[in-house]
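Read off the chains here:
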Amino acid sequence: MKFGGTSMAGTERIRRVANIVRRQQAAGHEVAVVVSAMAGETDRLVNFCREANALYDPAEYDVVVASGEQVTAGLLALTLQAMGCKARSWLGWQLPVRTDDAHAKARIEQIDSAAVLASMAAGEVAVIPGFQGLTPDRRLTTLGRGGSDTSAVAVAAAIHADRCDIYTDVDGVYTTDPRIVAKARKLHKITYEEMLELASVGSKVLQTRSVSLAMKERVRVQVLSSFIDDGAPPADALPGTLIVAEDELEGADMERQMITGIAADKNEAKVILTRVPDRPGAVAHIFGPLAAANINVDMIIQNVGRERGETDVTFTVPHADLARTQALLEGQKEAIGFNRIISDGKVAKISVVGVGMRSHAGVAAAMFKALADRGINIQAISTSEIKVSVLIDEDETELAVRVLHTAYGLDAHDEAA
Ligand code: ADP
Ligand code: ASP
Ligand code: MG
């Protein structure tokens, strides 16, 4: 069981969480619980680091930001004990959760589960702070923002859990963010691949890495709400969204739409290089230095060459890397041979995702038409086997998501009674 920041925000909410945990134990399960810091706490800690030292050392940043989860883990153990439930906390360094040494974005390599399993077998609830780990030379690490989801899936894999239930502030995965589109519909099942694509294009309900880990380790993940009535049945009745392999979809999902979900991401910026020489090696000169600087390029378009053997190249990078990208390219101006850099941070990437695309033609065409009908201009396009993404003006984000949600028949009232 994993509980996110909103679910852990304050002693009253932690008591609710403890009740949910206790009910699972009473239903006959051995339970390990992974917790996030209280909502807002990690942001607060990150700000302290910035104030202390603008160019902070990531290793010491980890020491500071990992503390939020230590507090909630201890508080949940205390609350369970107050209810007469045996509980013990296991911090990242105590298990330990072994990671690499990429501070602030560490990857889990291995989790020693023996001590936790023994404690659980003795009837104790194991409470584990998410987000934190330990390097080979015993320094604290954190897993990147939203990383408690990944901690939970990794713990579930390590202890061979029957299921990993991710409790959050919405009662499942929806066709799009239900806080933005009121007509979003809850999905009972979604495939690992679809969830992975949705997470990576902006659906922050699960950290992307947690989904790839679950897919690799075949962990059964359910997303559900911790804001449920005290008398509600335990999660075995599966009230949330189950993430499943594609072969588990058949039968009940005959009525599935060709699109499963829609996501928006405002964290990318567009860069255009004008009048780049249209010859072999030109794009390698652009993207080589960006790759070397660890800047992730997402969408790329190279326009048809102009008469003089020149072309414009358009691409997107994370907002946070825009200034570095511009500086790097200016430094390579001679080598690349472009005329001008034009950049635009006010763009959004809208993506539609669904395994149904494998068997349906026309998904992209329907998207372009629906956007065109509302006068929304498309600035760039990229596709994968189960995804189509377009880049648009940031101001049109919500409109585009709503229009597409309706166009693909996803609105809640469209569901047959
Ligand atoms: P937690 O603190 O529990 O980890 P998060 O804020 O990280 O919670 O994730 C839950 C939020 O994800 C929801 O409040 C919702 O606004 C957002 N979200 C984005 N896309 C979706 C989606 N497709 N389905 C459900 N929630 C979504
Ligand atoms: N507290 C961490 C964060 O806000 C990890 C998490 O909650 O998943 O990023
Ligand atoms: Mg989260």
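Being a predicted model, the structure only gives us computed values, none of them experimental. (Residues numbered from 1 in each chain as written. Chains lettered and ligands numbered in written order. Predicted model: local features only at pLDDT ≥ 70, side-chain atom pairs only at ≥ 80, totals over all residues. Heavy atoms only, no water.)

Student: Describe unusual backbone geometry, naming the residues involved and giving the relevant values.
Tutor: Put simply, L95 and P96 share a cis peptide bond, and its omega is -15°. Here P96 shows up in the loop between β3 (87–89) and β4 (97–99). Here the phi dihedral of F131 falls at roughly 80°; this positive angle occurs in a residue that is not glycine. Mapped onto the elements, F131 comes out in the loop between β6 (125–129) and β7 (132–134). At R138, a residue that is not glycine, the phi angle is positive and equals roughly 65°. Relative to the elements of secondary structure, R138 occurs in the loop between β7 and β8 (140–142). (Helix = DSSP H or I, 4+ residues; strand = E, 2+ residues; numbered from the N terminus.)

Student: For the nonpolar core, give the residues involved together with the corresponding values.
Tutor: A general tendency of soluble globular proteins is for nonpolar side chains to be buried together. Counting 43 residues, the largest nonpolar core has C164, M195, V219, V221 and I243 as the members making the most contacts within it. The dominant element in this core, judged by the number of residues it contributes, is helix α6 (residues 148–158), at six residues. The residues touching I243, leaving out its near neighbours within four places in the chain, are I190, T191, Y192, M195, L206, V221 and V223. (Core = buried A, V, L, I, M, F, W, Y, C linked by side-chain atoms within 4.5 Å. Buried < 20%, exposed > 50% of the residue type's maximum accessible area, 1.4 Å probe, protein only. Contact = heavy atoms within 4.5 Å.)

Student: Tell me about the site of ligand 1, residues and numbers included.
Tutor: Around ligand 1, a shell composed of 16 residues is seen, among which T168, D169, Y174, D177 and R179 lie nearest. Between T168 and ligand 1, the recorded distance is 2.7 Å, taken from a side-chain N or O atom to an oxygen atom. Between ligand 1 and the protein, one listed contact pairs a nitrogen atom with a backbone N or O atom of Y174 at 2.9 Å. Its residues assigned to classes, the shell around ligand 1 shows five nonpolar, six polar and five charged. (Near = heavy atom within 4 Å. Polar contact = N/O pair within 3.5 Å; in protein donor to acceptor, adjacent residues only side chain to side chain. Nonpolar A, V, L, I, M, F, W, Y, C, P; charged D, E, K, R; others polar.)

Student: Describe in detail helix α9 (residues 282–292), supporting the description with residues and values.
Tutor: All buried positions along α9 are accounted for by A282, I286, F287, P289 and L290. An end-on view of α9 places all buried positions within 155° of arc, on one side of the element. Those residues of α9 that are exposed and angled more than 90 degrees off the buried face are A284, A291 and A292. For α9, the secondary structure elements touched by its buried residues are β14 (268–277), β15 (300–302), β16 (310–318), α10 (322–331) and α11 (333–336). Downstream of α9 by a residue or two, N294 has a phi angle that is positive, lying close to 65°. (Arc of directions from axis to C-beta.)

Student: Quick rundown of the sheet that holds β15? Include the residues and the values.
Tutor: Pairing is antiparallel in the open sheet, where four strands are placed in the order β15-β16-β14-β17. Each of the sheet's edge strands pairs with one partner strand only, and the pair in question is β15 and β17 (340–344). Between one strand axis and the next, the sheet turns through 15° on average, direction left out of account. Bridge count for β14 against β17 is five bridges, and the pairing is antiparallel. For K270, the partnering residue across the bridge sits in β17 and is D344. Of the strands in this sheet, β14, β15 and β16 are in contact with α9, which crosses β16 at around 20°. (Pairing = 2+ DSSP bridges. Axes fitted to C-alpha atoms, helices over the stretch in contact; angles between N-to-C directions.)

Student: Describe the state of the cysteines, with residues and values.
Tutor: Enumeration over the complete set of coordinates arrives at zero disulfides. No disulfide involves C164; its nearest neighbouring cysteine sulfur is the one of C85, lying 19 Å away. (Disulfide = S-S within 2.5 Å.)

Student: I'd like to hear about the site of ligand 2, residue by residue, with values.
Tutor: Neighbouring ligand 2 are S36, T42, E69, F131, R145, G146, G147 and S148. Contacts to ligand 2 include T42, whose side-chain N or O atom sits 2.8 Å from a nitrogen atom. Measuring from a nitrogen atom of ligand 2, one finds a side-chain N or O atom of E69 at 2.6 Å.

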